[in-house]
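Each chain, written out:
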Amino acid sequence: MFPSLTSLNLEIERSVVRQRRISVLGATGSIGESTLDLIGRDPSSYQVIALTGGHNAARLAELAIRHRAELAVIADPEGYPVLRQALSGTGIEIGAGEAALLEAAGRPADWVMAAIVGAAGLKPTLEAVRQGSLTALANKECLVSAGDIFMAEVARAKATLLPVDSEHSAAMQVMAGARPERIEGICLTASGGPFRNWSLDAMRTARCEQALDHPNWSMGPKVTIDSATLMNKGLELLEAHHLFSLPAAKLDVLIHPQSIVHCLVYLSDGSVLAQMSCPDMRTPIAYSLAWPERMHAPTERLDLAALGTLSFEAPDFERFPALRLAREVLAAGGSAGTVLNAANEVAVEAFLGGKIGFLAIAALVEATLESSADLSARHRRSVEDVLAIDAEARAKARSLLKRFA
Ligand code: NAD
Ligand code: MG
């Protein structure tokens, strides 16, 4: 039978629909580049709508040209002249500054990767959520800082959030099909970072390049430092709490130096389910991109015989106090997560800038939390309230900085 004109039209429509409209917030970062690496391997399946970057306008322009983006936005207004020159004559729309960033995030798309680092990603990620696309969430700081408000917006927009953080992607994959009341707990694994076996004395004088030298993962500088202090795992506990509505008592952390098992889920019949893969963020990104299906990812295949051993150990809260602080914040609830996140961003920036030592990162976060009880207890109703608390906590952390210099 020959297809009728209407069914032909339908076919054409379907093939257009099949080309998924994709935006990447934080395209110039580690997660952004990995996402575009996957998309670039199958360009006919995707139409790139918006790409955004923070400061590197030249790289953003290259990516926009390579992926034929509709729109490229640089958050830092000083990047505008570089972007304009690099994209002149290409037909790619350009923009700079916060308003343009929010417009890019809210431009209709089928799937948005939210991979801006830090609380700076909160408003753009919420724009993506509100326009109703599937949102692949790499930006864990959104949830740490504003989890309650963020998740309420997700529910209000009836949006779908797909975790990209490898542990949370693993948890989502493993928990699928299990009734919430049958989940006794989940355990996030941590590599332990470059200082896993270092003494406190040795860590006191750890240099920046040593902290940036992660044994297993290649990531942006902020999350790499967070992995060295184990604050990253602390942030991830808060992330899991909000994503999966799990109480603190059901969330645990295990050190697993090989970074092969990403999360363990403990079920009521004694079963423990885990997800494994080689440490390459393109695996969880591919899961979020193909969800609810699976796609090919060009990552190394796991060879357990060659690896031989998978090992696990309990975390050391004394040498890694950031993890203890995050646990305390998780128990406290309220706005304590906003204070923790803001202070940590200030501390990591100060460490990367050579202003404080490695151990001072957690010490500054602790001091900020101690002197911000009022902020932690402050009720918030909106993102603006969160951002006001965030700004005050940053100011407090900056004022305490010289104590640790
Ligand atoms: P990155 O530093 O490599 O990239 C961050 C991106 O955000 C860049 O495009 C940067 O230009 C942009 N950006 C920075 N400041 C901005 C601002 N003020 N406004 C707008 N854009 C800004 O970081 P990353 O490693 O790709 O991490 C991104 C997020 O994903 C973080 O929240 C991180 O915790 C999370 N994450 C990363 C990994 C990883 O393997 N890299 C794994 C799990 C989770
Ligand atoms: Mg992680």
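Look above for the structure.
What comes next is a walk through the structure.

Each value, and the rule that gives it
- Residues numbered from 1 in each chain as written.
- Chains lettered and ligands numbered in written order.
- Predicted model: local features only at pLDDT ≥ 70, side-chain atom pairs only at ≥ 80, totals over all residues.
- Heavy atoms only, no water.
- Helix = DSSP H or I, 4+ residues; strand = E, 2+ residues; numbered from the N terminus.
- Rg over C-alpha atoms; globule rule 2.2 N^0.38 Å.
- Buried < 20%, exposed > 50% of the residue type's maximum accessible area, 1.4 Å probe, protein only.
- Contact = heavy atoms within 4.5 Å.
- Areas by Shrake-Rupley, 256 points an atom, 1.4 Å probe, with all protein chains shown as cover.
- Pairing = 2+ DSSP bridges.
- Axes fitted to C-alpha atoms, helices over the stretch in contact; angles between N-to-C directions.
- Near = heavy atom within 4 Å.
- Polar contact = N/O pair within 3.5 Å; in protein donor to acceptor, adjacent residues only side chain to side chain.
- Salt bridge = Lys/Arg side-chain N within 4 Å of Asp/Glu carboxyl O.
- Right-handed = clockwise from strand over helix to strand, strands pointing away.
- Core = buried A, V, L, I, M, F, W, Y, C linked by side-chain atoms within 4.5 Å.

## A word on the overall build of the protein chain
1) Next: Helices and strands together make up the secondary structure of the protein chain, namely 19 helices and 11 strands.
2) Next: Scaling as 2.2 N^0.38, a compact globule of 405 residues should have a C-alpha radius of gyration of about 22 Å, and the protein chain matches this with 22 Å.
3) Next: Overall, the protein chain is about 75 × 55 × 45 Å in size when its C-alpha atoms are taken along their principal axes.
4) Next: Expressed as a percentage of the 405 residues in the protein chain, the buried residues total 52%.
5) Next: Sequence-distant contacts in the protein chain: of pairs separated by 6 or more residues, those separated by 24 or more amount to 67%.
6) Next: Element-wise, carbon and sulfur atoms account for 54% of the exposed surface of the protein chain, whose accessible area totals about 18,000 Å².

## Side note on the sheet that holds strand E4 (residues 93–96)
1) Next: Taken in spatial order, the 7 strands line up as E4-E3-E2-E1-E5-E6-E7 in an open sheet, and their pairing is parallel. The two strands at the open ends of the sheet, each matched to only one other strand, are E4 and strand E7 (160–163). Strand-to-strand, the axes of this sheet are offset by a mean angle of 20°, without reference to chain direction.
2) Next: With 4 bridges joining them, strand E5 (residues 111–114) and strand E6 (residues 134–137) adopt parallel strand pairing. In the sheet register, valine 112 faces E6, and the bridge partner there is threonine 135.
3) Next: The strands that helix H4 (residues 80–87) touches are strand E3 (71–74) and E4; relative to E4, the one it contacts most, it runs at about 175°.

## Points about the site of ligand 1
1) Next: With respect to spatial proximity, 25 residues lie near ligand 1, and among them Thr28, Ser30, Gly54, Glu141 and Gly220 are the closest.
2) Next: One of the backbone nitrogen or oxygen atoms of glycine 26 is found 3.3 Å away from an oxygen atom of ligand 1.
3) Next: Serine 30 has a polar backbone atom sitting 2.9 Å from an oxygen atom of ligand 1.
4) Next: For the shell around ligand 1, the secondary-structure elements that each account for two or more residues are helix H2 (30–40), helix H7 (140–156) and helix H11 (221–229).

## Brief notes about the sheet that holds strand E9 (residues 251–255)
1) Next: Reading across the sheet, the 4 strands line up as E9-E8-E10-E11 and stay open at both edges, with mixed pairing between neighbours. Strands with a single pairing partner mark the edges of an open sheet, and in this sheet they are E9 and strand E11 (272–276). Each adjacent strand pair in this sheet contributes to an overall mean axis angle of 20°, direction not counted.

## So, the pattern of salt bridges
1) Next: Scanning the entire structure with this criterion turns up 31 salt bridges.
2) Next: The salt bridge involving lysine 222 is made with aspartate 226; its shortest N-O contact spans 2.8 Å. In this pair, lysine 222 and aspartate 226 both sit in helix H11, 4 residues apart, roughly one turn of the helix. By the burial criterion, lysine 222 is buried, and aspartate 226 matches it.
3) Next: With a closest N to O distance of 3.9 Å, aspartate 252 and arginine 327 form a salt bridge. Of this pair, aspartate 252 sits in strand E9 while arginine 327 sits in helix H15 (residues 321–332), placing them 75 residues apart in sequence.

## Describing the pairing of strand E2 (residues 46–53)
1) Next: Of all the 8 residues making up E2, 7 are buried; the element is thus mostly covered by neighbouring parts of the structure.
2) Next: Sheet analysis places strand E1 (residues 20–25) next to E2, joined by 5 bridges and oriented parallel. Its bridge partner lying in E2, leucine 25 is registered against threonine 52.
3) Next: Taken together, E1, H2 and E2 form a β-α-β motif whose crossover is right-handed.
4) Next: Relative to E3, E2 is paired through 4 bridges, and the arrangement is parallel. Its bridge partner being in E3, alanine 50 is matched across the sheet by leucine 71.
5) Next: Each parallel crossover has a hand, and the one from E2 via helix H3 (residues 57–66) to E3 is right-handed.

## A few points about helix H8 (residues 166–175)
Residues three or four positions apart in an α-helix share a direction because the helix packs 3.6 residues into each turn.
1) Next: Counting buried residues along H8, 10 of its 10 residues qualify, which places the element largely inside the surrounding structure.
2) Next: Listed in full, the buried residues belonging to H8 are Ser166, Glu167, His168, Ser169, Ala170, Ala171, Met172, Gln173, Val174 and Met175.
3) Next: Once H8 ends, the next one or two residues include glycine 177, with phi positive near 95°.

## Looking at the environment of leucine 212
1) Next: Relative to the assigned elements, leucine 212 resides in the loop between helix H10 (208–211) and H11.
2) Next: For leucine 212, a relative accessible area of 37% translates into the label partly exposed.
3) Next: With 11 residues separating them along the chain, leucine 212 and valine 223 place their C-alpha atoms 9.4 Å apart.
4) Next: Sequence-distant contacts of leucine 212, that is, excluding residues within four places in its chain, are made with Pro221, Thr224, Ile225 and Leu352.

## Considerations on the nonpolar core
1) Next: Counting residues in each nonpolar core, the largest one holds 114 residues, and the members touching the most others are Leu51, Met113, Phe150, Ile186, Phe244, Leu340 and Phe358.
2) Next: Among the elements that take part in this core, helix H16 (residues 336–352) stands out by supplying 10 residues, more than any other.
3) Next: Residues Leu25, Leu71, Leu101 and Ala109 belong to the second largest nonpolar core, which totals 13 residues.

## Some thoughts on H2
1) Next: Regarding H2, the residues found buried are Ile31, Gly32, Ser34, Thr35, Leu36, Leu38 and Ile39.
2) Next: Where H2 is buried, its residues touch E1, E2, H3, E5 and helix H13 (282–290).

Remember, this is a structural readout, not a statement about activity or role.
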